[in-house]
Amino acid sequence: MPAYMTQFSYTNKAAASLVKNPQDRGAVFGEQVEKLGGRVLAFYHCIGEYDGGTIYEVPDQATVEALLLSVRAPGHLEKLRTTELHPVEVAMEGMRRANEQSYRGPLGWLEKHPTGVWGG
């Protein structure tokens, strides 16, 4: 199954609500993922730009779309950032395929890179 990482931030109202009434939002998120045929691999809270992050697997892109729309719908999240993840073997295959390609860089870039072609 495809894997995704989603970082999230709560609204100020949601954060205040969680302070007054602590809840395991990871469990709630996990239930939603399971209803859609997936599974949560990790769920963390953190300090910084985002309040937390989760890594999960779902059957396909339409499912991740449904998942993210459903968790945004209540309005308690300020922002979401989702990244599709893939195994290192997929990245290595991409590297091998890229090595077989050539691609001309933008105009003006040629002055510093005379060939102007990746791999050329």
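Just so you know, these numbers come straight off a predicted model, no measurement behind them.

Visitor: Please clarify how the environment of Leu 80 should be interpreted in this entry.
Guide: Tracing the backbone shows Leu 80 in strand 4 (residues 77–85). A relative accessible area of 27% means that Leu 80 is categorised as partly exposed. Residues Leu 80 and Thr 6, 74 residues apart in the sequence, show an inter-C-alpha distance of 6.6 Å. Apart from residues lying up to four places away in sequence, Leu 80 is in contact with Thr 6, Gln 7, Phe 8, Leu 68, Val 71 and Arg 72.

Visitor: What is the right way to read the side chain of Ser 9 from this model?
Guide: On the secondary structure map, Ser 9 appears in strand 1 (residues 3–10). We classify Ser 9 as buried; its relative accessible area is 3%. In this view, Ser 9 contacts Glu 49, Tyr 50, Asp 51, His 76, Leu 77, Glu 78 and Lys 79; residues no more than four positions away in its chain are not counted.

Visitor: When you look at the packing of aromatic side chains in this model, what are you seeing that I'm missing?
Guide: By convention here, two paired aromatic rings are described through the distance between centres and the angle between planes. Evaluated as defined, the whole model comprises 5 aromatic pairs. Between Tyr 4 and Tyr 56, the ring centres sit 6.1 Å apart and the planes meet at 25°, which makes this aromatic pair stacked. One end of the pair, Tyr 4, is in strand 1; the other, Tyr 56, is in strand 3 (residues 52–57), with 52 residues separating them in the sequence. Grouping residues by exposure puts Tyr 4 and Tyr 56 together as buried. Residues Phe 29 and Tyr 56 carry aromatic rings whose centres are separated by 5.4 Å and whose planes lie at 70° to one another, so their mutual orientation is edge-to-face.

Visitor: Got a minute to help me understand the nonpolar core in this structure?
Guide: Counting residues in hydrophobic clusters, the biggest one holds 14 residues, and the most contacted among them are Tyr 10, Phe 29, Tyr 56, Val 58, Val 64 and Leu 67. Mapped by element, the contributors of at least two residues to this core are strand 1, helix 1 (12–20), helix 2 (25–35) and helix 3 (61–72). For this core, the element with the most residues is helix 3, which contributes 4 residues. Those residues in contact with Val 64 that lie beyond four places of it in its chain are Tyr 4, Tyr 56 and Val 58.

Visitor: Would you mind going over the pairing of strand 3 with me for this structure?
Guide: Successive side chains on a regular strand alternate, one facing one side of the sheet and the next facing the other. Burial runs high along strand 3: 5 of the 6 residues are buried. When strand 1 meets strand 3, the two strands line up antiparallel, connected through 6 bridges. Residue pairing for strand 3: Phe 8 is matched across the bridge by Gly 52. With 6 bridges joining them, strand 2 (residues 39–45) and strand 3 adopt antiparallel strand pairing. Counted as the bridge partner of His 45 is Gly 52 from strand 3.

Scoring rules and cut-offs
- Per chain, residue numbering runs from 1 following the sequence as it is written.
- Residues qualify for local features only when their pLDDT is at least 70, as the model is predicted, and side-chain atom pairs are given and counted only at 80 or more; totals for whole chains, interfaces and linings, by contrast, use all residues.
- Just so you know, side-chain values use all the structure's heavy atoms and leave hydrogens and water out.
- Counting from the N terminus, the helices are the DSSP runs of H or I reaching at least four residues and the strands are the DSSP runs of E reaching at least two.
- Classification of residues uses two cut-offs on accessible area relative to the type maximum, computed with a 1.4 Å probe and protein chains only: under 20% is buried, over 50% is exposed, and between them is partly exposed.
- Here, residues are in contact when the closest pair of their heavy atoms is within 4.5 Å.
- Ring pairs shown here join Phe, Tyr and Trp side chains whose ring centres sit within 6.5 Å, with only the six-membered ring taken for Trp; geometry is labelled stacked below 30 degrees between planes, edge-to-face above 60, and tilted in between.
- Throughout this description, the term nonpolar core refers to a set of buried Ala, Val, Leu, Ile, Met, Phe, Trp, Tyr and Cys residues connected via side-chain atoms within 4.5 Å.
- Two strands pair if DSSP finds at least two bridges between them.

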